[in-house]
Amino acid sequence: MLWEVFVRARGGLHHAHVGSIHASDAELAMENARDVFTRRGEAASLWVVPSTAIVASDPADADVLFEPAMDKEFRHPTYYEVPDGVTNL
Amino acid sequence: MEAGELLERFEAFVASEGKIESDSWMPDAYRKTLVRQISQHAHSEIIGMQPEGNWLTRAPSLRRKAILLAKVQDEAGHGLYLYAAAETLGTSRDEMVDALLDGTAKYSSIFNYPTPTWADIGAIGWLVDGAAIMNQVPLCRCSYGPYARAMKRVCKEESFHQRQGFDILVTLCRGSDAQRAMAQDALDRWWWPSLMMFGPHDGDSPHSATSMRWRIKRFSNDELRQRFVDVTVPQAHFLGLRIPDDELVYDDTTGHWKFGEPDWDEFQRVLAGDGPCNAERIERRTRAHVDGAWVREAAEAYAAKHVAAPAA
Ligand SMILES: [Fe+2]
Ligand SMILES: [Fe+2]
């Protein structure tokens, strides 16, 4: 079966998805992920998750899901003019 | 390994800036402190939507309304990041919500003050979010990984909150006499409660030393309060507003603003439940929770049905 591999590069960081690995069980998936994805000291910790456990959004829905956030510039601090002379804002 | 040895290792690990994760060994007191702090932080974000929500339908323009709506949405999101971070420590969402509604859990006293005018929305963004940022930035380096990561997201989102508040006040202060008076009145009411957001004096803050040693906290309450005053006073002067403190004076030798004493009796009173809006805030949150019960039940029922009969 297929497993999704997540690597935490350094203590304190998020685990980030790096790819997938084939293995017959969780233990083997962990070993294979270590061999395949962390040969250059990329990891402080590893997660393997059965690929079937991932629920993914459909890329075709990207507009519906994410486009409404695009016209809301006021969510960004740069939208606001900070008057000259004002600091630490 | 023995408990003493585990504790020793833990202390050395956090002292060397190691990050604790949900599956790491941690002392019970560390777990309890974090559950209390993170859940109270989450409650503050959730209750904090109410004073601003009060102006959503009455914002002076469509633009201001869209901005305020976006800000209040962010606060809801902050609450959710934080509840989830607390859940990684083994507490449940239900326990946390119950503790908020039955009064055993606290939330920031600042949200128990009313918002009678539009200028209050400016003052909240500028002062309350400003003070929150001052408190939260050091928490991005907290020893507990899930909390630190949640705080990074929160801080990134906060920067617009403070600016939109200041922007409201700049507009009012460039306006009519009545608008300037409204801005001054808001500052008069929000200044002292904002200073109280940093908590009691270091000497009266019994758990501070342990939290510092465990790298949950980085700076003392008084240090952060001083920093807040130092950056905020010049901003008030820019607005042409007067800070309501007769003892406020710049100290040339230290480079800091000296300021008066907040009314700590008031702080304790509001924290104990006797502020202007405590009852209203909890009543409203309880009503929203009860009114939403059918949604949670429907979602559970739907999920159970799908487990019973997976889609073909
Ligand atoms: Fe927030
Ligand atoms: Fe905020």
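Here, the structure is the one placed above.
One structure accompanies this document, and this report is about it. (Residues numbered from 1 in each chain as written. Chains lettered and ligands numbered in written order. Predicted model: local features only at pLDDT ≥ 70, side-chain atom pairs only at ≥ 80, totals over all residues. Heavy atoms only, no water.)

Glancing now at the environment of A181(B). Mapped onto the secondary structure, A181(B) falls in helix α8 (residues 177-196). Spatially, the C-alpha atoms of A181(B) and H207(B) are 41 Å apart, while their sequence positions differ by 26 residues. (Helix = DSSP H or I, 4+ residues; strand = E, 2+ residues; numbered from the N terminus.)

All names here are of chain B. Along helix α5 (residues 93-101), the residues that are buried comprise M96, V97 and L100. Relative to the axis of α5, the buried residues are bounded by an arc of 95° and lie together on one face. Elements that come into contact with the buried residues of α5 comprise α2 (28-47), α4 (62-87) and α12 (278-291). Just beyond α5, the residue with positive phi is G103, at close to 90°. (Buried < 20%, exposed > 50% of the residue type's maximum accessible area, 1.4 Å probe, protein only. Arc of directions from axis to C-beta. Contact = heavy atoms within 4.5 Å.)

Another aspect to go through is the state of the cysteines. All names here are of chain B. Tallied over the full model, the rule gives zero disulfides over all chains. Here C155 stays unpaired: no disulfide links it, and the sulfur of C140, its closest cysteine neighbor, is 3.6 Å away. For C155, a relative accessible area of 17% corresponds to the buried category. (Disulfide = S-S within 2.5 Å.)

Bringing the sheet that holds strand β3 (residues 45-50) of chain A into the picture now. Residues and elements named next belong to chain A. Pairing in this open sheet of three strands is antiparallel, and the strands run β2-β1-β3 from one edge to the other. A strand with exactly one partner marks an edge of an open sheet, and here the two such strands are β2 (15-22) and β3. Strand-to-strand twist in this sheet, taken as the mean axis angle between neighbours without regard to direction, amounts to 30°. Strand direction decides the pairing type here: strand β1 (residues 2-8) and β2, joined by seven bridges, are antiparallel. Paired with R8 across the strands is H15, a residue of β2. (Pairing = 2+ DSSP bridges. Axes fitted to C-alpha atoms, helices over the stretch in contact; angles between N-to-C directions.)

All names here are of chain B. One can describe the packing of helix α6 (residues 118-136) onto helix α10 (residues 221-239) by two numbers: an axis separation of 10 Å at closest approach and a directional angle of 145°. Like other packed secondary-structure pairs, α6 and α10 cross with a definite hand, here right-handed. Contacts from W126, L127, G130, A131, M134 and N135 in α6 reach L224, R227, F228, V231, T232, Q235, A236 and L239 in α10. Here the contact of α6 with α10 is composed, by residue class, of nine nonpolar, four polar and one charged. (Left-handed = near helix turned anticlockwise from the far one by under 90°. Nonpolar A, V, L, I, M, F, W, Y, C, P; charged D, E, K, R; others polar.)

The next thing to look at is the packing of α6(B) against α8(B). Residue and element names in this part refer to chain B. For the pair α6 and α8, the least separation of the axes is 9 Å and the interaxial angle reads 35°. Read as a crossing pair, α6 and α8 show a hand that is right-handed. Of α8, the residues touching α6 (which contributes W118, A119, D120, A123, I124, W126, L127, V128 and A131) are M182, A183, A186, L187, R189, W190, W191 and S194. By residue class, the composition of the contact of α6 with α8 is 14 nonpolar, one polar and two charged.

Residue and element names in this part refer to chain B. The coordination sphere of the iron ion (ligand 2), as far as protein atoms go, consists of E75 (OE), D129 (OD), E158 (OE) and H161 (ND1), spread over 2.0 to 2.2 Å. Around the iron ion (ligand 2) sit four donor atoms; with metal-centred angles ranging over 82 to 169°, the donor geometry is irregular. Each donor residue of the iron ion (ligand 2) belongs to the same chain, and together they define the spacing E-x53-D-x28-E-x2-H. A separation of 3.3 Å is found between the iron ion (ligand 2) and the iron ion (ligand 1), both of which receive a donor from E75. Placement of D129 in helix α6 and of H161 in helix α7 (residues 145-173) is noted, with a sequence separation of 32 residues between them. By the burial criterion, D129 is buried, and H161 matches it. (Donors = N, O, S within 2.8 Å, 3.2 Å for Na, K, Ca; no water. Tetrahedral: all angles 85-135°; square planar, octahedral: opposite > 155°, others 65-115°.)

Before going further, it helps to spend a moment on unusual backbone geometry. Of all residues except glycine, most have a negative phi; of all peptide bonds, most are trans. Residues and elements named next belong to chain B. Backbone geometry at E17 places phi at a positive 70°, although glycine is not the residue there. According to the relative accessible area criterion, E17 is partly exposed, its value standing at 38%. One non-glycine residue, R215, lies in the positive phi region at around 60°. In this structure, R215 sits in the loop between α9 (208-213) and α10. What makes R215 partly exposed here is its relative accessible area of 22%.

We now examine a negative patch on the surface. All names here are of chain B. A surface patch of like charges, here negative, comprises D94, E95, D98, D102, E297 and E300. Ranked by residues supplied to the negative patch, first place goes to α5 with three residues. With respect to the helices and strands, D102 occurs in the loop between α5 and α6. Overall, the relative accessible area of 54% leaves D102 in the exposed class. (Patch = residues over 30% accessible without salt bridge, like charges linked within 9 Å, V, L, I, M, F, W, Y side chains within 5 Å. Areas by Shrake-Rupley, 256 points an atom, 1.4 Å probe, with all protein chains shown as cover. Salt bridge = Lys/Arg side-chain N within 4 Å of Asp/Glu carboxyl O. Lys, Arg positive; Asp, Glu negative; His and termini not counted. Charge placed at Lys NZ, Arg CZ, Asp CG, Glu CD.)

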